[in-house]
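Single-letter residue listing:
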Amino acid sequence: MNNSLKMQPFTPHLITILGPTASGKTTFAAHLASQLRGEIISADSRQIYRGMDIGTGKDLKDYSVDGQQIPYHLIDIREAGEKYTLFNYQHDFHKVYNDILSRQKTPILCGGTGLYIESVLKGYHLPDVPENSALRKELEPKTLDELTQILSSYKILHNTTDTDTKKRAIRAIEIADFQSKNPASALDYPPVESVIIGVDIDRESRRRKITSRLKKRLDEGMIDEVKSLLAKGVPADNLIYYGLEYKFVTLHAIGQLTYADMFSQLEIAIHQFAKRQMTWFRGMEKRGFTIHWLDFSLPMSEKIKQALTIINNS
């Protein structure tokens, strides 16, 4: 990092850094935090789990900048296999957010889970939907196609991850059914005003980085990580529920996919996931959010310079 950049004054609002997988947003957010006395709040739906490190890209060394450890939050807060809802995330976010502000530091929300980001910026009303055992028993015998059809009767299916597996689809129907019978009341949490900066990466560079990173993660022991979680008693269905790396590597670990098929299908799935992330972020712009995009290929010092200009002018 260019040490000629001066420490910036405390900025009393939220800064959000978003971007697709492999865009380098975490490293950028950490460097920005080092300039703003900032602390990072993760917006990654899988990095909350302990032991799910390699597959989620939980590169904690990214939070160290020139020997300075950048504080981070909402990482490693639950055991793998535990239930964690969007309602839980909102609650945890606001607890951390208010604590950071109370200490006169700058909160920086960073991640690629667009639903998490939008839920706190807009202030979604999300009741903690209880399990409906009777409904689950009724839905369990149905096929994934049948469950998808049922879910589509409640809402337009924008989020395809709701129907990745039967378990996800049943939970999505459970939530949709609860919400249809319990109309939303006043917001539990207010909208949060934020400067939003996106890290933009062109399609070919993104594809190249995704493939390279996948090979690296496999070399670093991602299969052993999944086998270790299975050996600790985390059900295979729970890992498959998390999708992407954990879905396909688990299927390989339990003998349902060859290594070659696992790699090929996972590579395609990650590319599709990155595309869906960008679709979500573009949708946020259509829904009224202003996202200031920075080119991922810029030198870090230039990205920080441009980001500080955006923040100071907001």
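Just so it is clear, the structure is predicted and the values come from calculations on it, not from any experiment.

Let us now look at the nonpolar core. Membership of the largest hydrophobic core comes to 52 residues, with the highest contact counts inside it found for Ile41, Tyr89, Phe93 and Leu109. The greatest single-element share of this core, amounting to nine residues, is contributed by helix H11 (residues 259-286). Excluding its chain neighbours within four sequence positions, the residues that come into contact with Phe93 are Leu14, Ile41, Leu74, Leu109, Val120 and Val192. Counting 26 residues, the second largest nonpolar core, distinct from the first, contains Tyr63, Ile108, Val195 and Ile310.

Another point: the pairing of strand E2 (residues 38-42). Extensive coverage of E2 is indicated by the burial of five of its five residues. Of the two faces of E2, both are covered, the one formed by Gly38, Ile40 and Ser42 as well as the one formed by Glu39 and Ile41. When E2 meets strand E8 (residues 106-111), the two strands line up parallel, connected through five bridges. Residue Gly38 lies in a different strand from E8, and its bridge partner there is Thr106. Sheet topology places E2 next to strand E6 (residues 72-73); two bridges connect them, and they run parallel. The residue bridging Ile40 from the neighbouring strand is Tyr72, located in E6.

What follows is about helix H10 (residues 244-253). Since there are 3.6 residues in each turn of an α-helix, residues three or four apart along the chain are aligned in direction. Of all ten residues that make up H10, eight are buried, and the element is covered over most of its length. The complete set of buried residues in H10 reads Leu244, Glu245, Tyr246, Lys247, Phe248, Val249, Thr250 and Leu251. Elements in contact with the buried residues of H10: helix H7 (203-219), helix H8 (222-231), helix H9 (236-241) and H11. One or two steps after H10, the chain reaches Gly255, where phi turns positive at roughly 85°.

For the rest of this paragraph, the subject is the side chain of His73. Positionally, His73 belongs in strand E6. When near neighbours in sequence (up to four residues on either side) are disregarded, His73 contacts Glu39, Ile40, Ile41, Ser42, Val96, Ile100 and Arg103.

Okay, the environment of Arg171 next. Mapped onto the elements of the fold, Arg171 is located in helix H6 (residues 166-181). Put simply, Arg171 and Glu131 are 40 residues apart on the chain and 8.3 Å apart in space, counted from C-alpha to C-alpha. Within polar-contact distance, the side chain of Arg171 engages the side chain of Glu174 at 2.5 Å.

Between side chains of opposite charge, pairing is possible as soon as their charged atoms come close. In the structure shown here, the tally under the stated rule is 17 salt bridges. We note a salt bridge from Lys58 to Asp53, for which the minimum N-O separation is 2.9 Å. Looking at Lys58, the relative accessible area reads 7%, which means it is buried. Taking the relative accessible area as the measure of exposure, Asp53 reaches 31% and is therefore partly exposed. Here Glu285 and Arg282 are joined by a salt bridge, their closest N and O atoms 3.4 Å apart. Pair noted here: Glu285 and Arg282 are both in helix H11, with a separation of three residues, about one helical turn. The partly exposed category is assigned to Arg282, whose relative accessible area is 34%. A cluster of three or more residues bridged by salt bridges with shared partners is formed by Glu131, Arg136, Arg171 and Glu174.

Time to look at the confidence of the model for the protein. Detailed reading of the predicted model is not advised wherever pLDDT is low. When pLDDT is averaged along the protein, the result is 89, and 90% of the positions lie at 70 or above. Counting interchain partners and residues more than four positions distant, the pLDDT-below-50 stretch residues 1-10 has 26 contacts.

Two elements in contact, H8 and H10, have axes whose closest approach is 9 Å; the angle formed by their N-to-C orientations is 80°. The angle between H8 and H10 places the two elements in the roughly perpendicular class. Contacts between H8 and H10 involve Met222, Ile223, Glu225, Val226, Lys227, Leu229 and Leu230 from the former and Glu245, Tyr246, Val249, Thr250, His252 and Ala253 from the latter. Among the residues making up the contact of H8 with H10, the classes are represented as eight nonpolar, two polar and three charged.

For Ala22, which is not glycine, the phi torsion reads 75° and is therefore positive. Positionally, Ala22 belongs in the loop between strand E1 (14-18) and helix H1 (25-35). Of the residues examined, Ala22 reaches a relative accessible area of 8% and is grouped as buried. The backbone of Asp76 shows a phi angle near 60°, a positive value even though the residue is not glycine. Tracing the chain through its elements places Asp76 in the loop between E6 and strand E7 (78-79).

This paragraph deals with the packing of aromatic side chains. Here the structure, examined in full by the defined rule, presents six aromatic pairs. Seen from their ring centres, Phe93 and Tyr97 are 5.3 Å apart, and the 15° between their planes marks the pair as stacked. With Phe93 and Tyr97 both in helix H2 (residues 86-102) and four residues apart, the pair spans about one turn of that helix. Taken as a pair, Phe93 and Tyr97 share a single burial class, namely buried. Ring pairing ties together the aromatic residues Tyr89, Phe93, Tyr97 and Tyr116, which thus form one cluster. A cation over a ring is seen here: Lys167 above Tyr241, with NZ or CZ 5.4 Å from the ring centre.

Reading the values: the criteria
Residue positions within a chain follow its written sequence, with the count starting from 1. At least 70 in pLDDT is required for a residue's local features to be given in this predicted model, at least 80 for side-chain atom pairs to be given and counted, and no such filter applies to totals for whole chains, interfaces and linings, which use all residues. Heavy atoms from the whole structure form the basis of all side-chain values; hydrogens and water molecules are not counted. As used here, the term nonpolar core means buried Ala, Val, Leu, Ile, Met, Phe, Trp, Tyr and Cys residues forming a set that is joined through side-chain atoms within 4.5 Å. Remark: exposure states derive from per-residue accessible area (1.4 Å probe, protein chains only) relative to the maximum for the residue type, with buried under 20%, exposed over 50%, and partly exposed in between. Counting from the N terminus, the helices are DSSP H or I runs at least four residues long and the strands are E runs at least two residues long. Residue contacts are defined here by distance: any two heavy atoms, one from each residue, within 4.5 Å place the two residues in contact. Any two strands between which DSSP finds at least two bridges are classified as paired. Whenever a nitrogen or oxygen atom comes within 3.5 Å of another N or O atom, the pair is scored as a polar contact, on the condition that within protein one atom can donate a hydrogen and the other can accept it, and that pairs from neighbouring residues in sequence are kept only if both atoms are in side chains. In the sections that follow, a salt bridge refers to a side-chain nitrogen of Lys or Arg positioned within 4 Å of a carboxyl oxygen of Asp or Glu. Each residue carries a pLDDT score, the predictor's confidence in it, ranging from 0 to 100. For helices, the axis comes from a line fit to the C-alpha atoms of the stretch in contact; other axes are also lines fit to C-alpha atoms, and the angle between any two N-to-C directions lies between 0 and 180 degrees. An angle below 35 degrees is treated as roughly parallel, one above 145 as roughly antiparallel, one from 65 to 115 as roughly perpendicular, and anything else as oblique. Three classes are used, and their members are as follows: Ala, Val, Leu, Ile, Met, Phe, Trp, Tyr, Cys and Pro are nonpolar, Asp, Glu, Lys and Arg are charged, and the others, Gly among them, are polar. Note on aromatic pairs: the rings of Phe, Tyr and Trp (six-membered ring only in Trp) are paired at centre separations within 6.5 Å, and the planes decide the class, stacked below 30 degrees, edge-to-face beyond 60, tilted for the rest. Geometrically, a lysine NZ or arginine CZ counts as sitting over a ring once it is within 6 Å of the ring centre and also within 35 degrees of the ring normal.

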